[in-house]
Every structure is written in structure tokens, then in C-alpha cells.
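One letter stands for each residue in the lines below.
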Amino acid sequence: MSAISMKVNGKAVCGAVEPRTLLVQFLRENLGLTGTHVGCDTSQCGACVVHVNGTAIKSCTALAVACDGAEVTTVEGLAKNGKLHPMQEAFREHHGLQCGFCTPGMLMAAVDLVNRKGKTLDEETIRHELEGNICRCTGYHNIVKAIQAGAENM
Amino acid sequence: MDTGIGARVRRKEDHRFITGKGQYTDDINLKDQTYAYFVRSPHAHATIKSIKEPEWAPEDGVVAVFTGEHVAEDKIGGLICGWMIHSKDGSPMKAGPHPILAQGKARYVGDHVAVVIAETKEQAKAAAARVDVTYGVLPHVVDVAKATKSKAQIHDVAPDNTVFEWSLGDKAATEAAFQRAHHVTKLDLVNNRLIPNAMEPRAAIGSYDSGSDHYTLYTTSQNPHVARLVISAFHGLAPEHKLRVIAPDVGGGFGSKIFIYAEEVVCVWASKRIGGRPIKWTAERTESFLADAHGRDHVTHAELAMDKDGHILGLKCHTLASMGAYLSTFASCVPTYLYATLLSGQYAIPAIYAEVDAIYTNTAPVDAYRGAGRPEATYLVERIVETAAREMKIDPAEFRRRNFVTSFPHQTPVIMTYDAGDYDASLKKALEIADYKGFPARKAAAAKQGKLRGIGFANYIEACGIAPSAAVGSLGAGVGLWESAEVRVNPVGTIEVLTGSHSHGQGHETTFAQLVSDRLGVDINSVAIVHGDTDKVQFGMGTYGSRSGAVGMSAISKALDKVEAKARKIAAHVMEAAEGDIEFKNGSFSVKGTDKKMAFGEVALAAYVAHKFPTSEIEPGLKETAFYDPSNFTFPAGCHICEVEIDTETGVTEIVSWTAVDDFGTVINPMIVEGQVHGGITQGIGQALTEGCVYDSESGQLLTGSYMDYCMPRATDVPSFKLGFTETKCPSNPLGMKGCGEAGAIAAPAAVMNAMTDALGVKDLAMPASPHTVWKTLQATKMAAE
Ligand code: FES
Ligand code: FES
């Protein structure tokens, strides 16, 4: 067991983990932050995307110990002071989710996309940038619309 | 803001999902919980000679290991198939035993052989790898087309691996129609096997409370009450009042979460065995690939007979349908009553004859997957109709128009009575939206870029909201297919609706509340929809077959009728007026010709205070229940038009345009309905272009067991869609709804493949039409031309 500490959604947290514990396990099991999901075992679905030091990563593919000292944001940390993040608003407004399982990862990937590519995004760019996120419900149509709108409002 | 029927109300459930507060089964943890990991067969077909545990050390954390022997000791019954099909010769289908842990034999790679229960997930998994199973490998067969002649004998009860040989329709009349034919079109089709892949993997937590001798099961289910019924009545675990099944937030189902699976039964059964500690199991994605029920897997030969003007005279087909290694919960009705009954499509076909052989293979069980039988029917009908039009050199739109059913009700030769529709209206609208007239110019422009452009239609019809119960019972169903609803009005006028439908992405918390808001004139935010818990909702049949609107909401509507009727009575007493003079509009009761008025909430309060009406005549309180059994199936139908461009150098296909015009009858929330259509089309495009489950015939191994090998459609694989709606009300339910959940998945594969065969100028092309498949076709065409 190794002791680790990090800042998750602005709060200092610590815990003891095995060397093989994944970041997503630490978030879900140690911290009870179950908004971050696990949809696969080959790092391909993106349900687990969180931000580590401001960049989107797949938390199923990062060891918790490797994130010792990092700043982590999960979907639970997107809304600030009870106010939804513009990307969350946009997903609701444009019906960018159905079962909601892929949604946390989609949201975190979308915010990261805007951080990297700016607020004006065309459809092609958005579709291309979503290559690491699978949604089985929406057919992506409304996710693309939501991200476009959310980006403008960020 | 309008929140009634037809309004684009934003979803009430979204807040918890976008803030990470959804509660899916794996998000739930019970005190003192243990973890299960299943030992699965590495062989496609093998006897189990022995199962040995090593000496466990305390640090292994192993709580228990259970096998089929323990299951037998406790007399826990096997998994069942709830729909009886009889063969042509009258013999009942041949269902082999399906124990929740294998007994004596494993029949597919991934079959559940034993379970290890340990303190942590990691320990359970590590220990499972150390359970020593000795197998005696047997011959296997994974290919449905080879299974009847194979050396593999999968179940003793089923010689030649044949479950049933079933037929529907009038053989003699159909043969006679073919005798008269001017032209016959023949087509061989494979409906490729799919793996459903809801993004939330299946999961379960079973727990037993010895204090009250009561079991609880949390599970990823589309129909928790059916799960409770089956676990109680067939597995014999506990009577229904001693078993609570909760299906909390469920991350997509698409059919795959209808069925009762071994893993959930094992978790709830084994909890008692380990002294009542809860047992949690969450599938890894690999297990979802191996052990979720798969979909489709048909091999079909079909023929269509026409007169000289292109009027269809008859259709006949023979289909081999893989059932996998065991009959899953509803497996037998999918390639029969959900398939052959739709072979008339949107067309007036005088004679139809279909033969379906259901076959065991050493593969995961096959059962309903989005559309369930109806995509297979539409694929057959729309591919052969398009091919016939091309062969007879008739415009495919015109060919369809000539054959449309135009008067209703229409009795097809394959059981169904279509109750309402206007197929020409959908076609016309789709042609406009798709700019059909402009296609030749677009094709020419594409050709200049070195691309082959093609256009394809799919004029699908489906049957949803399967009912009435007596009719499905006569066809072999083991259950009734009604739905229940309870409307509880609280004293302050807020409302809880308890429904037997289950939402796993469909947005019931919003659409069902819209209905209540519309009917009672109350704020949508004072309505809560309760579902997914057998302790709260009395009974229900769950959600599948696009039934929640047509059947589930109709039940709510019936209960609302009763609430309104009682509220009228109470309002009459309170306002001292005759009941006949009470009017109810926009959420308030008024007395005709006076200014006397009571808001709905005031009447609710009066109902509970019960001071102002004779309780000997009217019971206090305001709560009503309804069980609704529809009078017929519903028949959503529409026209999808797909345009593709194929890169001749690489074989890569791009879907450049998609038009969908659907007739779903009454639409409660267009935003949600559009979302259902988008998702369905994308799954259908997946089937046509990217997805295909492959078992290696030599080894029997699943070759597509991860997202690296099974190609899910991603955002770049699909376009944005152009949607339109036409509306004919369904006369068979009070709301006029038809259902929308499966339409896209039903229409899309045929539309894509018709477009691709048009672009390539070929008759046959296999799904999934990957770039490699297309490239090979292009090379073959080139060689033939040279
Ligand atoms: S869980 Fe699928 S990519 Fe991380
Ligand atoms: S909303 Fe269900 S997987 Fe995306």
C-alpha cells in the first residue's frame, strides 16, 4: 500500500492504495465519486475521462500512484457553487444524453476540447475529437450539437 | 412554458446524470459486501470432469467457491425461455437445460462454470484464475449454416442441434403465386450477429437477510418485476414477497437487459450460502462480449414474385436462426412471431410463406436486440424489394408505391392486422427532404471526385407494444403483455406515478410527467415518476419492444381517467353542485354557469380531509390503479433514405446524407423521440458498416471480444440526420401512440446496404460492409469487367 494525496474537485484528499490501483478505482471506491464510470477494459470507451492537472485523461488507464500530488477534476467538480457548467447546461438543453452512462466522460472530454481548440468548433472537428468516446444511445447527433453550443457559452 | 403532450420539455432526469449523481448498480455498495468473479469456460464445448480449489490462504480473501453441484443441492432451477414455439409437425421446441452454473458440460466460450466469492474484486478475480477445472474437449460448431450437419451434439434433447422447424403462411397459395409470376427475384442474405454493448456493463448485488428471511437484488434490468417472477417461480429461490428486485439507473439496455441471466441469480442465491453477506458482481467489458445475449445471426434465402407491372404476388423465405448454446429468456419468439409476421412490410402481398429453423450453436445465447426480429424482417423485405425494382427497371420509389397497403385495417397473410398508416405520405415527404430529384446530379458530381455515390431506401414497418395478452398467449407467450400504473395524488396536490415500465435512457421521468401535466393541468415539477423497484411498484412487464409509450402510458392514462372521475365527484360535493355540472379544464374544476372553482390541489386536499363528502359513498383519498391491455399491436412505419459515397481507392464508405421520416402516431416529446431515432439509426449503421460478431470456426473462440476487435460506431462514422414526421393516430390505444425506440435500428441496415449496392452496381454485399469488404467487391467488379 502506498499513501497518496491529491486535490480532487478542489478538495485535498488522501488515501492508501495498492500500486496497481487505477485512478478510476481510487475515485470511485476510495472517494465515492461514482460519477466517473467504467465502460470497458481496453481504454476505448471514454466513460472514465477526468481532468488531471487540467488535461483530459482516461482514468482507467492511469495509476492512482502516478497521480500523487495532482489536481483532479471529475464530473462532480464541473458545476461551481450550485451553478451548472455551460457544457452541462448545453447537454441538457440539446438532449445530448439518454442513459447518461457515457455522459460524464463526454462532458469532461468536451470541456477539454474547448480548452484546447477554442470556443468555435465545427461539426467535423467535434466528431473527430470524440474518437475516444463511445455513446451507444444518442447516435452522437445531439452530443455534437451540445458541444458546439456549450463551447460558445464557455 | 408548455409542458404538455407535444412539447419539447427538457428532461427532468438529466440533472443527476450531468452532475455525476446517477445511481447505477455498480455505484451502489452494501455494508459488508463481497465480490463475485465467474470462472468461465475457455472451450466452446467441453465436459467438465472436475473442479478443484487450491488450499486458500487467508490473504487470498476467498469466502467461497460454488459450482453447479451446489446449485443442484439447493434445487435452484435453471434459466428459462418464456415463449413456446411448436414445429411444423406439432412438436414442442427442444429446450436443453440451462443451469445457472454449468452442470457436467460447458457449451460456449464464456459459459458460467463456477463462481468465486472474495473480500475484494481483485481477490475474486485472482482466485478464479486458480480454480482448476479439467475439461474434456468436445467437437463444437459456431456457424449456424453448418450446425445441423455437425458432429457437435450440443443438447441431448435436440438432435441435429435443431430447436424447432417452424413455418408461417400458406405454402400452397404462395407456390401458386410463384407459378403465375412474370419475374422472380432471389436473394441470399446474412443478418450479421451483433453484440449489444449497452455502455453500462451488466451488474448485480444480491443480499440475503436472515432476520426476515428476505432477499434483495439490485440488477441492471429492463424489467425488474419479470426478473422477480422468474427468480421466484422458476429458479425457486424465494416466493415473490420474500424477494425485492431493484433496477436503479440503468445505462442502456437495447434488449440485452431484458433477460434473466445466470450471474444475477447466482449473486442473490449465493448470498444466503455465505451467511447473508451481499455479493456484488460487475461485468468487465470482455464478459459483456462473451456472455451478454447477442442479436440477429440469421442466414436466409428469399424469393419475391412479381407480375409484369411490378405488383408483388408472393414472397417466400427460409431462415436459419442461431439461438446460441441455450435458449435465452425470449429467444424463441424473436425469429418467429417478431420476424415472419412482419414479412409483408408496407406492401399488399397476397401470399407469404416463411420457414424458420432455430438452431443451437456453441456460441453465446442469441435473443432480442433493438428491433428483435423486425430488423431482420425489414432487411429481407427492403433488400429484396429494392433488388426487384432494379431488376425490373422500375424506380425503387415507384415500385414501392405501386405495392403499398393503402386501406386500413389491412389483414396481411402473416397474422398482423395493420390498423393505420399512410406509407405514401412518409415516402413523399422523405423524397422531398432528401431531394431525390437532385440525386443524379449529386452522383455525377461525386463521380468527378472519383467517388461512387449511391442512394438506398428502407420503407420499414414494425409491430410494437406486443399485445393483447390473450393473443400473445395463443402464440406461445408465457406471460401477458399489459402494463400497470398507479397514480397517487398527495394531499397537497403533488403526484407520484408508479409505473411498471422501466427507463434506461428513454426519458420516462419526463414524458410520463408530461402526460400527467397535460391531463391534470399541474406543474410538471410536482409530478414524480417511480419505477424500477418491486417493493414500490406492484407489478409491471418492463420496457422493451417500444412498449412504454403505447402500453405503459396508456395504463397511466387509464389511471388518470379514474383520478379525474373521482375528483369530479369530490369537487361536486364540495362546491355543492351536480356532478354533471362539473367541468375540468386547465387544472381546475368549475361549476358550469357559475364562478365557483377549485384548483386540482384543493380537490386533492378535500379528498384527504374528507369533511365535505359522504365517505359511505366516496372513499377518502385520491389514488387510482389501472392495468391496461391493448387491443392490438401498434404499427410504426416510415421511410429512411441513405446516400453514400464510396472511395474507390480505399473502399471507405461515407454516409453523406440521411433522411428519416417516421410515423409514430402521437408524439409526446419530439426532442426525445428524435433522440431515439438518432440512436437507432446509428446502431443500424453500425450493423451495416462496422459491427460484426465473429467466432473462429476452428477454435470456437470469440474473435471480437473487445472494442479493439468489435467496431462500435463512433462519432465520425455517422452524419447528422435529417428528420421528418408524418402522423396517423394509432386507433388501438387511448393516446394514439405507436412507439419509436427501435425504428432507426430497423430501417437503417437496409437503407445503407441498398445505397451501397446501388453505388457499387452489385446485387450482393455482406454486412458489415467494411472498407475491406467493399474494396474486395470493387476489385472483383474490376476483374470481371476486364
Ligand atoms: S473505461 Fe473505457 S476508456 Fe476508460
Ligand atoms: S447516453 Fe447512453 S451511452 Fe451515451
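Model, not experiment: these values are computed from the prediction.

## Thoughts on the overall build of chain B
- The helix and strand tally for chain B stands at 18 helices and 28 strands.
- In terms of C-alpha radius of gyration, chain B reaches 27 Å, essentially the compact-globule figure of 28 Å for 786 residues.
- Dimensions of chain B, computed from the C-alpha atoms along their principal axes, are close to 95 × 75 × 50 Å.
- When burial is assessed residue by residue, chain B has 66% of its 786 residues classed as buried.
- Counted over contacts in chain B with a minimum sequence separation of 6, partners at least 24 positions apart contribute 80%.

## Some thoughts on unusual backbone geometry
Residues and elements named next belong to chain B.
- Each neighbour pair has its own omega, and for Phe-408 with Pro-409 the value is -5°, a cis peptide bond.
- Tracing the backbone through its elements, the reader meets Pro-409 in the loop between helix H9 (396-403) and strand E16 (410-411).
- Along the chain, Met-767 connects to Pro-768 via a cis peptide bond; the corresponding omega equals -10°.
- Checked against the element boundaries, Pro-768 lands in the loop between helix H17 (743-760) and helix H18 (771-785).
- Positioned with a positive phi, Ala-372 is a non-glycine residue whose angle comes to about 45°.
- Positioned with a positive phi, Glu-576 is a non-glycine residue whose angle comes to about 50°.
- The residue Glu-576 is located in the loop between helix H14 (548-574) and strand E22 (582-585) in this model.

## A word on the sheet that holds strand E28 (residues 722-726) of chain B
All names here are of chain B.
- Reading across the sheet, the 4 strands line up as E18-E26-E27-E28 and stay open at both edges, with mixed pairing between neighbours. Sheet topology places strand E18 (451-461) and E28 at the edges, where each strand pairs with a single neighbour. Strand after strand, the sheet turns through a mean of 15° between neighbouring axes, direction not considered.
- Pairing analysis gives 10 bridges linking strand E26 (residues 637-647) to strand E27 (residues 653-663), with the strands arranged antiparallel. Considered in E27, the bridge of Ile-646 is made with Thr-653.
- Here H17 sits on the sheet in contact with E18, E26 and E27, set at roughly 145° to E18.

## Re the environment of Phe164(B)
All names here are of chain B.
- For Phe-164, the position within the fold is in strand E7 (residues 162-169).
- Given a relative accessible area of 1%, Phe-164 falls into the buried group.
- In contact with Phe-164, other than residues within four places in its own chain, are Ile-85, Ser-87, Met-93, Ser-332, Thr-336, Val-356, Asp-357 and Ala-358.

## Quick look at the domain arrangement of chain B
Residue and element names in this part refer to chain B.
- We note that the domain assignment places domain 1 (14-138 + 199-252 + 257-291), domain 2 (298-466 + 632-785) and domain 3 (482-628) within chain B.
- Of the roughly 2,500 Å² buried between domain 1 and domain 2 on both sides combined, carbon and sulfur atoms contribute 66%.
- It is Trp-83, Phe-259 and Phe-289 that lose the most area in domain 1 upon contact with domain 2, and together they represent 27% of the buried surface on that side.
- At the boundary of domain 1 with domain 2, the tally comes to 1 salt bridge.
- Across the salt bridge formed by Glu-355 and Lys-88, the nearest N and O atoms sit 3.0 Å from each other.
- The tally of links from domain 1 across to domain 2 stands at 12 residue pairs in polar contact (both at pLDDT 80 or more).
- Per-element accounting of the side of domain 1 that touches domain 2 gives the leading share, 4 residues, to helix H7 (residues 285-291).
- Broken down by class, the residue content of the side of domain 1 that touches domain 2 amounts to 17 nonpolar, 5 polar and 6 charged.

## Focus: the sheet that holds strand E4 (residues 105-106) of chain B
Residue and element names in this part refer to chain B.
- With antiparallel pairing, the 3 strands of this open sheet are ordered in space as E4-E2-E6. The open sheet terminates on both sides in strands that have one partner only, identified here as E4 and strand E6 (132-137).
- As defined by bridge partners, strand E2 (residues 46-52) adjoins E4 across 2 bridges and the pair is classed as antiparallel. Residue Thr-47 lies in a different strand from E4, and its bridge partner there is Lys-105.

## Concerning the packing of aromatic side chains
Residue and element names in this part refer to chain B.
- Inspection of the entire model under this criterion finds 25 aromatic pairs over all chains.
- Ring centres 6.1 Å apart and planes at 75° place the aromatic pair Tyr-108 and Tyr-326 in the edge-to-face group. A residue pair is termed long-range when its members are at least 10 positions apart, and Tyr-108 in the loop between E4 and strand E5 (112-118) and Tyr-326 in the loop between strand E14 (312-324) and strand E15 (351-360) qualify at 218 residues. Each member of the pair, Tyr-108 as well as Tyr-326, is classed as buried.
- Linked through ring pairs, Tyr-347, Phe-404, Phe-408 and Tyr-423 together constitute an aromatic cluster.
- Cation over ring: Arg-16 sits above Phe-17, and NZ or CZ is 4.8 Å from the ring centre.
- For the cation-ring pair, Arg-202 lies above Tyr-261, with the distance from its terminal atom to the ring centre recorded as 3.5 Å.

## Let's talk about the interface of chain A and chain B
- Counting residues at the interface gives 45 residues for chain A and 54 residues for chain B.
- Interface area for chain A against chain B, summed over the two sides, is near 4,100 Å², with a carbon-plus-sulfur share of 54%.
- Between chain A and chain B we count 5 salt bridges in total.
- Notably, a salt bridge pairs Asp27(B) with Arg28(A), separated by 2.7 Å at the nearest N-O pair.
- Connecting chain A to chain B are 30 residue pairs in polar contact (both at pLDDT 80 or more).
- Listed by contribution, the elements that provide at least two residues to the side of chain A that touches chain B are helix H1 (23-30), helix H2 (86-93), helix H3 (103-117), helix H4 (123-129) and helix H5 (141-152) of chain A.
- Residue composition of the side of chain A that touches chain B, by class: 15 nonpolar, 19 polar and 11 charged.

## A word on the pairing of E14(B)
All names here are of chain B.
- Burial analysis of E14 places 12 of its 13 residues in the buried class, the great majority of the element.
- Where strand E13 (residues 298-306) hands over to E14, the hairpin turn is made up of 5 residues, of which Gly-310 adopts a positive phi near 85°.
- Pairing of E14 with E15, which is carried by 10 bridges, proceeds in the parallel orientation. Following the sheet pairing, His-318 is matched in E15 by Glu-355.

## A short note on the pattern of salt bridges
- Taken as a whole, this structure holds 56 salt bridges over all chains when the rule is applied.
- Of the charged contacts in the structure, one is a salt bridge between Asp112(A) and Arg116(A), with a shortest N-O distance of 2.9 Å. Of this pair, Asp112(A) and Arg116(A) are both found in helix H3, 4 residues apart, which corresponds to roughly one turn of the helix.
- Classification of Arg116(A) by relative accessible area gives partly exposed; the value is 46%.
- Each of Arg40(B), Arg202(B), Glu263(B), Glu287(B) and Asp292(B) takes part in one network of salt bridges that share partners.

What counts, and at which threshold
- Residues numbered from 1 in each chain as written.
- Chains lettered and ligands numbered in written order.
- Predicted model: local features only at pLDDT ≥ 70, side-chain atom pairs only at ≥ 80, totals over all residues.
- Heavy atoms only, no water.
- Helix = DSSP H or I, 4+ residues; strand = E, 2+ residues; numbered from the N terminus.
- Rg over C-alpha atoms; globule rule 2.2 N^0.38 Å.
- Buried < 20%, exposed > 50% of the residue type's maximum accessible area, 1.4 Å probe, protein only.
- Contact = heavy atoms within 4.5 Å.
- Pairing = 2+ DSSP bridges.
- Axes fitted to C-alpha atoms, helices over the stretch in contact; angles between N-to-C directions.
- Domains from an automatic or database assignment.
- Buried area = accessible area lost by both parts, 1.4 Å probe.
- Salt bridge = Lys/Arg side-chain N within 4 Å of Asp/Glu carboxyl O.
- Polar contact = N/O pair within 3.5 Å; in protein donor to acceptor, adjacent residues only side chain to side chain.
- Nonpolar A, V, L, I, M, F, W, Y, C, P; charged D, E, K, R; others polar.
- Phe/Tyr/Trp six-rings, centres within 6.5 Å; stacked < 30°, edge-to-face > 60°.
- Lys NZ or Arg CZ within 6 Å of the ring centre and 35° of its normal.

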